[in-house]
Amino acid sequence: MAPNHSNENGSIGSSLHGVTAREQIFSFSVEDAPWSQAIRSDDPTAKFALPVDSEHRAKVFKPLSFAKPHMRAFHLGWISFFTCFISTFAAAPLVPVIRDNLDLTKTDIGNAGVASVSGAIFSRLAMGAVCDLLGARYGTAFSLMLSAPAVFSMSFVADAGSYLAVRFMIGFCLATFVSCQYWTSVMFTGKIIGLVNGCAGGWGDMGGGVTQLLMPMVFHVIKLTGATPFTAWRFAFFIPGFLQIIMGVLVLTLGQDLPDGNLSTLQKSGQVSKDKFSKVFWFAVKNYRTWILFVLYGFSMGVELTINNVISGYFYDRFNLTLHTAGIVAASFGMANFFARPFGGYASDVSARLFGMRGRLWTLWILQTVGALFCIWLGRASSLPIAILAMMLFSVGTQAACGALFGVAPFVSRRSLGLISGLTGAGGNFGSGVTQLVFFSSSRFSTAEGLSLMGVVAVVCTIPVAFIHFPQWGSMFLRPSQHEERSKEEHYYGGEWTEEEKSLGLHEGSIKFAENSRSERGRKAVLADIPTPETGSPAHV
Amino acid sequence: MAIHKILFASLLICLLIQSSHAATKERLFSDLEKSALEVTATPSRVGEGVVLAAGVDKLSITWKVSSTATKEPEFNAIKVKLCYAPASQVDRPWRKTENELFKDKSCPHKISSWSYDPAMKTAQSFDYTLERDIPTGTYFVRAYAVDAKDHEVAFGQSTNEDKTSNLFSVQAISGRHKSLDIASVCFSVFSVVALLVFFVNEKRKAKIEQSK
């Protein structure tokens, strides 16, 4: 049973709930198995368009390709998420018309803004579980097609109460964020996951910017056909509704849950084991890192969602821009996501290559703190050019921090990946609800003061990242554990399974992932000769 | 580095555009001649608690240059507008009354515009049907007299200075349409049913796979 060095550089990995039937063996026992050739990189690659690791997750990222199943999953995922962002913030640029139609007050509008992001707190939590149990395709499709009725029901809204209720229900669809990140995490290998998640998340978030341009344009076109403004805005909501239905159908027909097939097929044929929800939930909740990420995301994505709702009105009021110009400014905040979030993910991956997980944590802290500082500056800027400059720098910092955070999240747990994505995502919406409620829904602070105060609170709430410690990789200020057992990745990921479950071999997927994640040790992992530990797995001979 | 230069240049341009606006910023409402015009607005339906329906009810508006008007020679045109009463401005900063004329948002709805003929000394009157995009609220009518440069010089309004008398209420159209409602229900049902069909179908196929 010689240790297998050829797989040292992260070319092996593990799928989420166990692997396909061929791979119930570990790298060190490969020579003995008669079917060992099947997991050599040449054979499985033959049927995939991209080079894959032993878990069939893609090793390269080709954004211009639509090849099955990896790149297709990526594109379906981010476009679904993009569509949901369009729907959730579709009301924001049309508020000047809606507030006249429904006779809304500033309080009504503020409350509806809070409601639009609050629904997703619960749906993002639920989505984590849905993905773990039903697969990413159905998670995405449920989110899209069950919230489409809410989008269409804008045609029934007659007062402030119903407006708030509908915006709340539309907001549920932001759960697609979780299913999208989950889908890319099972399709792409750990080394590039920061960049891939950053692109998917960033391009999806762009929807919040695109909607500020799209909805007024659709509204204008409908008015040209002769409709009155108060009817035209209702009809305009049909466009996001159609987009959601179309994307839902595309996801179900063209997409695939896992590199090897769809979850239900793989589960029924015994190739993927089903996990128990209560276990998945417990391990997610028990891990303190989950909650630190919850707070952190609340003040990066949370701040971003809040800005999507308030920035257009801020520029309109403070600098007396026309609604059209204010909309363009608001759109450019959201559009910066196109490169800012992928940049954050990429920066996280690069720092991981050099410094391992510690690099990822430092990158996250730096980006988020710098973004928050520019937010403080934005609130204090009294001239338009300075305000726009501050806003752009703030958008890049905060959005890159979002990307960097999801370079860390996939490593917090293997068993509960979906639920942790869900909890973190929910944290983003929770942060947005809280910041809108405290800083932007009352007349206690002017909007400018609210922005600066929000920036200050964001700086303070980014400090907890220093407390995230992985025994095998260290933290921002502490080195990895020197302890014989605890310094191994297998110990950390194996610790999520009980001895009984280990004896049944249910944890094999986590062990594979642990071996793969050795790249998070940074340059030292490449230099050191780390044999696969024999204590981390049951005797399988 | 080239990007930094472009950014800096665009900031300078923005500054220049902003400063060029400064010249027109100082015209104030308080500088206008008050009560230079006598304006009355009579709704087609009057009475206690009557609410006019947008798109249906009319206002009968008359305006006349007051004999006490001193800036009369400057008058070039008369612009009649529908303005919000204070009750409709509460908790709605987008309808705020500001002294600087370019910032003032309390009179956004144009009713009509008349070219001023000094020879005409009698009152002008016309009927105005409330447009279908007028929001729900309490209103009065104001007429601005503008000079040749399209700057306001005087005004008159159908209510008193405190904006408490002769106000009328308007109820906006709902904007809802039966056809829109029906289409909305149809597409919603389609969305949910399509999802269920896919789901059930796939479960069935998986069961068949398993039994093989």
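Within each chain, residue numbers correspond to sequence positions counted from 1 in written order. Chains and ligands are labelled by the order in which they are written, letters from A for the one and numbers from 1 for the other. The predicted nature of this model means local features are confined to residues of pLDDT at least 70 and side-chain atom pairs, given and counted, to a pLDDT of 80 or more, with totals for whole chains, interfaces and linings taken over all residues. Side-chain numbers come from the whole structure's heavy atoms, not from hydrogens or water.

As recorded by an unreviewed UniProt entry, chain B carries the name High-affinity nitrate transporter and is attributed to Brassica cretica. UniProt positions are given in the numbering used here, feature names are shortened, and annotations may be inferred rather than shown by experiment. Recorded in UniProt under Function (unreviewed entry), the annotation for chain B is "Involved in nitrate transport." Regarding chain B, the relevant UniProt record gives this comment under Sequence similarities (unreviewed entry): "Belongs to the NAR2 family."

Within an unreviewed UniProt entry, the label attached to chain A reads Major facilitator superfamily (MFS) profile domain-containing protein, and the organism entered is Brassica cretica. UniProt annotates chain A under Sequence similarities (unreviewed entry) with the comment "Belongs to the major facilitator superfamily. Nitrate/nitrite porter (TC 2.A.1.8) family." What UniProt records for chain A under Subcellular location (unreviewed entry) is the sentence "Membrane".

A. Inspection of the overall build of chain B at higher detail. Numbering goes from the N terminus for both helices and strands, where a helix is a DSSP run of H or I of at least four residues and a strand is a run of E of at least two. Tallying secondary structure elements over chain B gives two helices and nine strands in all. The linear arrangement of helices and strands in chain B, starting from the amino end, is α-β-β-β-β-β-β-β-β-β-α. Note on contacts: a residue pair qualifies if any of its non-hydrogen atoms lie within 4.5 Å across the two residues. For chain B, the proportion of contacts with a sequence separation of at least 24, taken over those separated by at least 6, is 75%. Accessible surface, chain B: about 12,500 Å² in total, of which carbon and sulfur atoms supply 59%. The accessible surface values rely on the Shrake-Rupley method and a 1.4 Å probe; as for residues, cover is taken only from the protein chains in view.

B. Local environment of the interface of chain B and chain A. Between chain B and chain A, the contact holds 45 residues from the first and 45 residues from the second. The buried area of a pairing is the accessible area, by a 1.4 Å probe, that goes missing from both parts when the two are put together, added over both. Carbon and sulfur atoms supply 67% of the area that chain B and chain A bury against each other, a total of about 4,100 Å² over both sides. Salt bridge, as used here: a side-chain nitrogen of Lys or Arg that lies within 4 Å of a carboxyl oxygen of Asp or Glu. For the interface between chain B and chain A, the tally reads three salt bridges. Any pair of nitrogen or oxygen atoms within 3.5 Å is treated as a polar contact; in protein, a donor-acceptor pairing is required on top of that, and neighbouring residues in sequence qualify only through side-chain atoms on both sides. Between the two partners, chain B and chain A, sit 17 residue pairs in polar contact (both at pLDDT 80 or more). Every element with two or more residues in the side of chain B that touches chain A is listed here: α1 (2-21) and α2 (178-211) of chain B. If you tally residues by element for the side of chain B that touches chain A, the top one is α2(B), at 20 residues. The residue inventory of the side of chain B that touches chain A, partitioned by class, reads 23 nonpolar, nine polar and 13 charged. When residue character is reported, Ala, Val, Leu, Ile, Met, Phe, Trp, Tyr, Cys and Pro are called nonpolar, Asp, Glu, Lys and Arg charged, and the others, Gly included, polar.

C. The pairing of strand β9 (residues 168-171) of chain B, seen in detail. Residues and elements named next belong to chain B. Whether a residue is buried, partly exposed or exposed follows from its accessible area with a 1.4 Å probe, protein chains only, as a fraction of its type maximum: under 20%, in between, or over 50%, in that order. Across the two faces of β9 the burial differs, with Phe-168 and Val-170 buried and Ser-169 and Gln-171 not buried at all. For two strands to count as paired, DSSP must find a minimum of two bridges between them. With three bridges joining them, strand β2 (residues 51-53) and β9 adopt parallel strand pairing. The residue of β9 that forms the bridge with Val-51 is Ser-169. Two strands pair when backbone bridges link them, and strand β7 (residues 137-146) and β9 are joined in this way by three bridges, in the antiparallel orientation. When the sheet's bridge partners are listed, Gly-137 is paired in β9 with Val-170.

D. Spotlight on helix α8 (residues 193-205) of chain A. Any helix carries an expected span of 1.5 Å times its number of residues minus one. For α8(A), which comprises 13 residues, the first-to-last C-alpha distance of 18 Å matches the rise-based estimate of 18 Å (1.5 Å per residue) to within 8%. Burial analysis of α8(A) places 12 of its 13 residues in the buried class, which makes it a mostly covered element.

E. Up close: the UniProt feature "transmembrane region" (unreviewed entry) in chain B. When the UniProt feature table is mapped onto this chain, "transmembrane region" (unreviewed entry) is found at residues 182-200 of chain B. Span residues 182-200 of chain B is 100% helix and 0% strand, its end C-alpha atoms 27 Å apart.

F. Geometry of helix α13 (residues 277-286) of chain A. Of the positions making up α13(A), those classed as buried are A:Val280, A:Phe283 and A:Ala284. For α13(A), the angular spread of buried residues about the axis comes to 100°, placing them on one side. It is the directions from the helix axis to the C-beta atoms that the arc portrays.

G. Quick peek at a nonpolar patch on the surface. Exposure above 30% relative accessible area and the lack of any salt bridge qualify a residue for a patch; like charges then connect within 9 Å, and the nonpolar side chains Val, Leu, Ile, Met, Phe, Trp and Tyr within 5 Å. Together, A:Trp362, A:Ile366, A:Val370, A:Phe477 and A:Leu478 make up a nonpolar patch on the protein surface, roughly 470 Å² of accessible area in all. Mapping A:Val370 onto the fold places it in helix α18 (residues 357-380).

H. Representation of the side chain of A:Gln181 in the model. Residues and elements named next belong to chain A. Position of Gln-181 among the secondary structure elements: in helix α7 (residues 176-187). Classification of Gln-181 as buried rests on a relative accessible area of 1%. Those residues in contact with Gln-181 that lie beyond four places of it in its chain are Asn-197, Ala-200, Gly-201, Arg-341 and Phe-406.

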